[in-house]
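Descriptive structure summary
Here is how the chains run, residue by residue.
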Amino acid sequence: MSVLKIKDVSKIFASGQVRAVDNFSLEVADGELVCLLGPSGSGKSTLLRMVGGFERPTSGVMTIDGEDITHVPPEKRPTGMVFQSHALWTHMNVFKNLAFGLKLRKVAPDEIKRRVDAVLDLVGLNGYGTRHVAKLSGGQQQRVALARSLVLEPKILLLDEPFASLDQHLRERLREEVRDIQQRLKITTLFVTHGQDEALSMADRIVVMRDGRTEQIDRPEVIYREPQTPFVAGFIGTMNLIEGNVANGMFSKAGYSTPLPVSDGPAILAIRPEALDLAVTGEGSQGKVHRVTDYGTHGLVDLELNDATRIKAMVPHPDLFKAGQTVTLTPKAIAAYRDGVVIHRA
Amino acid sequence: MTVSDAGQPVLAAPESRRPIGLLLVAVPVLLVIWLIIWPIISAIIQTLWMRLPEGGDTFSLETYRFFFSDGYSLSNLSLTLWTTGVCAILLLVVCLPIALYLRFSDSRIAAYVQGLAIFPMFVPSIILSFAFIRVLGPNGTVDLLLNAMSLPKIRSPYLTPWGPVIGLVWDNIPLTVLILLSGLGNVSNQAIEAARDVGAGRFALLWHIILPRISNSVLVAISFAVLGIFSAFTLPYVLGPAAPEMMGPFMQRTFRELYEPRTAITQAVITFGFCIVFGLFYVRSVAKNRTP
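Because the structure is predicted, anything quoted here is derived from the model rather than measured.

1. Some details on the overall build of chain B
Secondary structure summary: chain B contains 13 helices and two strands in total. Taking 2.2 N^0.38 as the reference for a compact globule, 292 residues should give roughly 19 Å; the C-alpha atoms of chain B span a radius of gyration of 25 Å, well beyond that estimate. Here the C-alpha coordinates of chain B stretch approximately 75 × 70 × 35 Å along the principal axes. Considering only residue pairs separated by 6 or more positions, chain B has 68% of its internal contacts joining residues 24 or more positions apart. Summed over its atoms, the accessible surface of chain B is roughly 17300 Å², and 69% of this surface lies on carbon and sulfur atoms.

2. Comments concerning the side chain of Arg115 of chain A
Residue and element names in this part refer to chain A. Along the polypeptide, Arg115 turns up in helix α3 (residues 109–122). By relative accessible area, Arg115 is classed as buried at 16%. For Arg115, the contacting residues outside a window of four places in its chain are Leu102, Val107, Val151, Leu152 and Glu153.

3. Considering the pattern of salt bridges
This model, assessed by the stated rule, comprises 25 salt bridges over all chains. The salt bridge partner of Asp22 of chain A is Arg213 of chain A, with a shortest N-O separation of 3.1 Å. Of the two residues, Asp22 of chain A sits in strand β2 (residues 19–28) while Arg213 of chain A sits in strand β10 (residues 213–218), which places them 191 residues apart along the sequence. Taken together, the salt bridges that share partners define one network made up of Lys11, Arg49 and Glu55 of chain A together with Glu193 of chain B.

4. Considerations on unusual backbone geometry
Cis geometry marks the peptide bond from Ala243 of chain B to Pro244 of chain B; its omega dihedral reads -10°. Relative to the elements of secondary structure, Pro244 of chain B occurs in the loop between α11 (234–239) and α12 (247–256). Non-glycine residue Lys186 of chain A carries a positive phi angle of around 55°. Following the sequence through the fold, Lys186 of chain A ends up in the loop between α5 (168–185) and β8 (188–193).

5. With respect to α3 of chain A
Residue and element names in this part refer to chain A. Given a rise of 1.5 Å per residue, 14 residues ought to cover 20 Å, and the 20 Å separating the end C-alpha atoms of α3 matches this to within 8%. Each element contacted by the buried residues of α3 is listed here: α2 (94–104) and α4 (138–150). Positioned one or two residues after α3, Gly124 has a phi angle of 75°, which is positive.

6. Considerations on the packing of aromatic side chains
Residues and elements named next belong to chain A. One pass over the full model with this rule turns up 11 aromatic pairs over all chains. Considering the side-chain rings of Phe231 and Phe235, the 5.6 Å spacing of their centres and the 10° angle between planes classify their relative orientation as stacked. Here the residue Phe231 and the residue Phe235 both occupy positions in helix α8 (residues 230–235), the gap between them amounting to four residues, near one helical turn. The burial state of Phe231 is the same as that of Phe235; both residues are buried.

Rules used in this analysis
Residues numbered from 1 in each chain as written. Chains lettered and ligands numbered in written order. Predicted model: local features only at pLDDT ≥ 70, side-chain atom pairs only at ≥ 80, totals over all residues. Heavy atoms only, no water. Helix = DSSP H or I, 4+ residues; strand = E, 2+ residues; numbered from the N terminus. Rg over C-alpha atoms; globule rule 2.2 N^0.38 Å. Contact = heavy atoms within 4.5 Å. Areas by Shrake-Rupley, 256 points an atom, 1.4 Å probe, with all protein chains shown as cover. Buried < 20%, exposed > 50% of the residue type's maximum accessible area, 1.4 Å probe, protein only. Salt bridge = Lys/Arg side-chain N within 4 Å of Asp/Glu carboxyl O. Expected span 1.5 Å × (residues − 1). Phe/Tyr/Trp six-rings, centres within 6.5 Å; stacked < 30°, edge-to-face > 60°.

The following block contains the structure:
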């Protein structure tokens, strides 16, 4: 049972000008995998480094299983971190990289061998013990880095963009493997990424961060389908965010209008490309086709409203559309935001 | 291959560039052969061939036999070895903490510490020697300060074996710090953090992670220091004892005051023999680093 609690944690860097993490709170349940997702500079890596003990919080408290670890140095924390650059020790072979932490804990040599062999087996590197780490591929090095953390059986596993330096294919394969291992070991995990695909495919819950603060914490499908702020709506997946005005229950923007049953005033209309139906002829609001991209399984149509605002629509038959055509737009699902919060969803 | 508008290759093929590369390197190589390799060979030949009174030359190890059976020569050699060894150890003891501090400190003070550590590089040895005498010599600044506080005088290291040691260590700090600092640049912050993450304290970090990663730099720094110290002249001449003396002043005195060029050359060849061992360490280390 390993529960990580972060309460009102802030980090202000020495200059006093940069508030990297601002009053952040989170509870990660036993065996849960939580992704910290956000753009560069959102404070997600700083937060992870604070949990790992590599940065000291300016204020707030962090506990693991109720034990205050806020000021415990990294070498004494029950956490294991996997770094973006693998951070393997190139003067040691694979076995020595994995055995180093166990030797420091004065584990008996037989037990060290048993545990290293077991974890190498777990990450699919059986028989690689004597290999020099510099001669392994990027994916194998990342597996060794993961194994190095797992062999110490940490209470909390911390992953700092571990797949960022790998190619797309390898990244997809490794994230599945890591998720499998995490679920098999039921290890509480905090995972930092700026890749939404990674977060959506791996996490039990996602924390979307912006400027050191939490924008939304929820399950991946909720984050995708019901973003609470325009920032989350724009950051997760592709979203058309149209800034316009509501008058008498009608949202309008540059010739495009749609019913929106909210009070009069400015609003941001959010429509996913897959929730926007297009028709070449017919009644309704109009846009002009700018570009059509055929992805084989579907097509993406770039549209321009009258004031050159660009929006996207996903269509099953892209061959029906051509650049220059005027089309009618019919949204199947919309959300509307005002003052940074959701005011309507349908 | 990049192709220009005219359709001509912008960069020549590696095969056609090879003679130009060899030509560029030929001049310094020839200079090294002329100014270094040939004098060494010539010196060795001069010490091994003796002119007979009746004319003609004969192979002889007489000067070497004399050197290794002469107590004074041997005590000079052992003083040189002792000074070199002590200086090498002290340089590591002094410079490694400085280099570690400079590498891992984010403080602004680090810049001043680095400036201070590099400063001796810009001070000529003769100035350093006189500064040493004025500070640590008899009736120097330290003595005056102690006297002002009614404390007894110190036993000055001036004209003792410790005089050259202090001077040579001070003189070699900049180069040693710079080489170690460059080696420490290869130890990434994440490698350090990963070690702390698995439970390494400061000593384990230094012993298991940092030192193995900078072992080549340590070897290069020590090789450079040893090569310089073994054949040093000015500091041992000005600050060292009259007897025994280090090999540098010993060679100079044998050549200038005793008018025994063949003996002086023999001393030089023996000195070179010791230095080349450390030179080979350096070459081996460089070659190891360049091996793909």
